[in-house]
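# Remarks on the overall topology
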Amino acid sequence: MRDRPHPLSPRLPRRTLLRGVAGSAALLATTGLAGCGTRGARQTEASCASEDLSGTEKTLVFSNWPQYLDVAEDDESRRPTLEAFQRRSGIQVSYTEDINDNNEYFGKIRNQLAACQPIGRDIIVLSDWMAARVINLGWVQRLDAGRLPNVGRNLLTSLRGRSYDPDNVLAIPWQSGLAGLAYNGRVTGEVRTVDELLTRPDLKGRVTALAEMRDTMGLLLAADGHDPANFTPVQFDEALEKLRRAVQSGQIRRFTGNDYAAELARGDVAACVAWSGDVIQLAAEDARVRFVAPDSGVMLYSDNMLVPNRATHRANAEALMDYYYEPAVAAQLAAYVNYICPVQGAQAEMEKIDPELATNPLIFPDAALQARSKVFMSLDETREREYESKFQQVIGG
């Protein structure tokens, strides 16, 4: 656990736990993609009604990932922003860090949610692709936008209108991050484009890419001039062929989870597809390690708060979600976790807490970077299997 907010603070790799080559290959088998979408598993508001007892029960059960909420510097058992919410609202929150992997957690809750049974949680936090899956299955409650005025005002423009939640009432971003390029200036010159990464002779054999299909393929699609949020199978195949050529030529050394970070820091990897959170930590130790947002675009991902079906404290959950969209609260949280803050106005508040963090574009992207941020298209189960299978064939999964 960290003692104070700092970009070098260790954090669990939420994007990569069991998400390396083996994890991605196992996705099709472990999550039951072929079966979880059967008619009997899907629910609707009519088939699975939820009763809200928030008016009489001032409680809330919140499941999150480890080290994803601020703790007090002098007492790691205390969570300052959460304690302030409880004092203000009178809602007692049972906070549990029991989500360690999207697939694993899906396996724990799928049988209950498929059968319209409660899972004992009022808020769960899932990454974009898993949030899209449970939304498509009808397993989450629609939120009342009228109870989320701060979200309505302050949610970053780049996170609005996502394909799996166009009205911003099913999945509220908790924290976000970017997938782009990185290079080590000690061993190579600047790398600005995806095409450079895939073809530049001096980088041959010293390049890695991510085993997360959405991030690597999203960058390639954007580099080809396509919208990662709305592309065709032909466009996917064309981008995949470029990746295949880079693999066959030996340009790409291997596909990784976040284990590329140590190699990039040493200079064994000269350039790579990288996650912004990793590069924040590396750059704090060595400024020659740089994150690059190509002009063609970077991939924006989020971990999202959702209210599952049969949760009985939806209004209490909405109160907490809206609380964390107050800029001052969001800044306090961001000062600890160092991910992209999804709340407009938090940057000004961060200047009061840590002026250095307030100027970090990987925590507070400027308008130009936001404009280049892309969200990967929501996939149905058929496309999920098809694209993941093709990607695994290329990367050797």
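This structure is a prediction, so every number in the text was calculated from the model and none was measured.

What counts and what doesn't
- Residues numbered from 1 in each chain as written.
- Predicted model: local features only at pLDDT ≥ 70, side-chain atom pairs only at ≥ 80, totals over all residues.
- Heavy atoms only, no water.
- Axes fitted to C-alpha atoms, helices over the stretch in contact; angles between N-to-C directions.
- Helix = DSSP H or I, 4+ residues; strand = E, 2+ residues; numbered from the N terminus.
- Parallel < 35°, antiparallel > 145°, perpendicular 65-115°, else oblique.
- Contact = heavy atoms within 4.5 Å.
- Nonpolar A, V, L, I, M, F, W, Y, C, P; charged D, E, K, R; others polar.
- Polar contact = N/O pair within 3.5 Å; in protein donor to acceptor, adjacent residues only side chain to side chain.
- Left-handed = near helix turned anticlockwise from the far one by under 90°.
- Core = buried A, V, L, I, M, F, W, Y, C linked by side-chain atoms within 4.5 Å.
- Buried < 20%, exposed > 50% of the residue type's maximum accessible area, 1.4 Å probe, protein only.
- Disulfide = S-S within 2.5 Å.
- 1 Å grid on protein atoms, 1.4 Å probe; cavity = no way out; pocket = protein on both sides within 12 Å on 5 of 7 lines; lining within 4 Å.
- Points joined across faces, edges and corners; volume = space filled by probe spheres on them.
- Phe/Tyr/Trp six-rings, centres within 6.5 Å; stacked < 30°, edge-to-face > 60°.
- Salt bridge = Lys/Arg side-chain N within 4 Å of Asp/Glu carboxyl O.

## Focus: the packing of helix H8 (residues 213–223) against helix H17 (residues 381–395)
The relative placement of two packed helices comes down to the angle between their axes together with the axis-to-axis distance. At a minimum axis distance of 11 Å, the contact between H8 and H17 shows a crossing angle of 80 degrees. Here H17 runs roughly perpendicular to H8, going by the angle between their axes. Note on element contacts: H17 touches H8 through Glu384, Tyr387, Glu388 and Phe391, opposite Met213, Arg214, Thr216 and Met217. Its residues placed into classes, the contact of H8 with H17 shows 4 nonpolar, 1 polar and 3 charged.

## Notes on the side chain of asparagine 184
Mapping asparagine 184 onto the fold places it in strand S4 (residues 172–184). Only 2.8 Å separates the side chain of asparagine 184 from the backbone nitrogen of arginine 186, close enough to count as a polar contact. The residues touching asparagine 184, leaving out its near neighbours within four places in the chain, are Leu264, Ala265, Arg266, Gly267, Val269, Ala270, Arg288 and Val289.

## Description of unusual backbone geometry
Despite not being glycine, cysteine 116 shows a phi value in the positive range, around 55 degrees. When you line up the elements, cysteine 116 lands in the loop between helix H4 (102–114) and strand S3 (124–127). Backbone geometry places asparagine 168, a non-glycine residue, at a positive phi of 60 degrees. Relative to the helices and strands, asparagine 168 resides in the loop between helix H6 (149–154) and S4.

## Details of the packing of helix H3 (residues 80–89) against helix H12 (residues 314–323)
One can describe the packing of H3 onto H12 by two numbers: an axis separation of 11 Å at closest approach and a directional angle of 125 degrees. Taken together, H3 and H12 sit at an angle that is classed as oblique. Classified by chirality, the crossing of H12 by H3 is right-handed. In this structure, H3 uses Thr81, Leu82, Ala84, Phe85 and Arg88 to contact H12, whose residues at the interface are Asn316, Ala319, Leu320 and Tyr323.

## Brief notes about the nonpolar core
Most often, soluble globular proteins have nonpolar side chains that are buried together. By size, the foremost hydrophobic cluster in this structure holds 130 residues, and its most contacted members are Val93, Trp174, Leu243, Met305, Leu306, Leu320 and Tyr324. Ignoring any residue separated from it by four or fewer positions in sequence, one finds tryptophan 174 in contact with Phe62, Asn64, Tyr68, Leu69, Val125, Asp303, Asn304, Met305, Tyr324, Leu333 and Pro342.

## A closer look at the state of the cysteines
For the structure on display, the rule yields 1 disulfide. Disulfide pairing is shown between cysteine 48 and cysteine 116; the S-S distance is 2.0 Å. Residues cysteine 48 and cysteine 116 are joined by a disulfide whose S-S torsion is about 95 degrees; by sign, that bridge is right-handed. Separated by 68 residues along the polypeptide, cysteine 48 in the loop between helix H2 (33–36) and strand S1 (59–63) and cysteine 116 in the loop between H4 and S3 bring together distant segments of the chain. One exposure class covers both cysteine 48 and cysteine 116, and it is buried.

## Quick notes on empty space enclosed by the protein
Here the structure, examined in full by the defined rule, presents 4 cavities of 30 Å³ or more. The volume enclosed by the largest cavity comes to roughly 150 Å³. As for the largest cavity, its lining consists of 15 residues, and the residues nearest its centre are Asp128, Trp129, Arg214, Val375 and Phe376. Secondary structure elements with two or more residues in the lining of the largest cavity: helix H5 (128–136), H8 and strand S9 (298–306).

## Some details on the packing of aromatic side chains
Enumeration according to the criterion identifies 12 aromatic pairs in this entry. Summarising the aromatic geometry, the rings of tryptophan 174 and tyrosine 324 are spaced 4.9 Å apart at their centres and angled 65 degrees between planes, so their arrangement reads as edge-to-face. Pair noted here: tryptophan 174 is in strand S4 and tyrosine 324 is in the loop between H12 and helix H13 (327–337), with a separation of 150 residues, a long-range link. Across this residue pair, the class does not change: tryptophan 174 and tyrosine 324 are buried. Look at phenylalanine 255 and phenylalanine 391: their rings are 6.2 Å apart centre to centre, the planes differ by 85 degrees, and that puts the pair in the edge-to-face class. Of the two residues, phenylalanine 255 is situated in strand S6 (residues 252–256) and phenylalanine 391 in helix H17; the sequence distance between them amounts to 136 residues.

## Remarks on the pattern of salt bridges
For the structure shown, the criterion picks out 28 salt bridges. For the salt bridge of arginine 147 with aspartate 144, the shortest nitrogen-to-oxygen distance reads 3.9 Å. Given the relative accessible area of 45%, arginine 147 is considered partly exposed. Since its relative accessible area comes to 31%, aspartate 144 is described here as partly exposed. Across the salt bridge formed by arginine 254 and glutamate 263, the nearest N and O atoms sit 2.4 Å from each other. Among the residues examined, arginine 254 registers a relative accessible area of 30% and is labelled partly exposed. Of the residues examined, glutamate 263 reaches a relative accessible area of 9% and is grouped as buried.

## Let's talk about H5
Most of H5 sits inside the fold, with 8 of its 9 residues counted as buried. Along H5, the positions that sit buried rather than exposed are Asp128, Trp129, Met130, Ala131, Ala132, Arg133, Val134 and Ile135. Positioned one or two residues after H5, glycine 138 has a phi angle of 75 degrees, which is positive.

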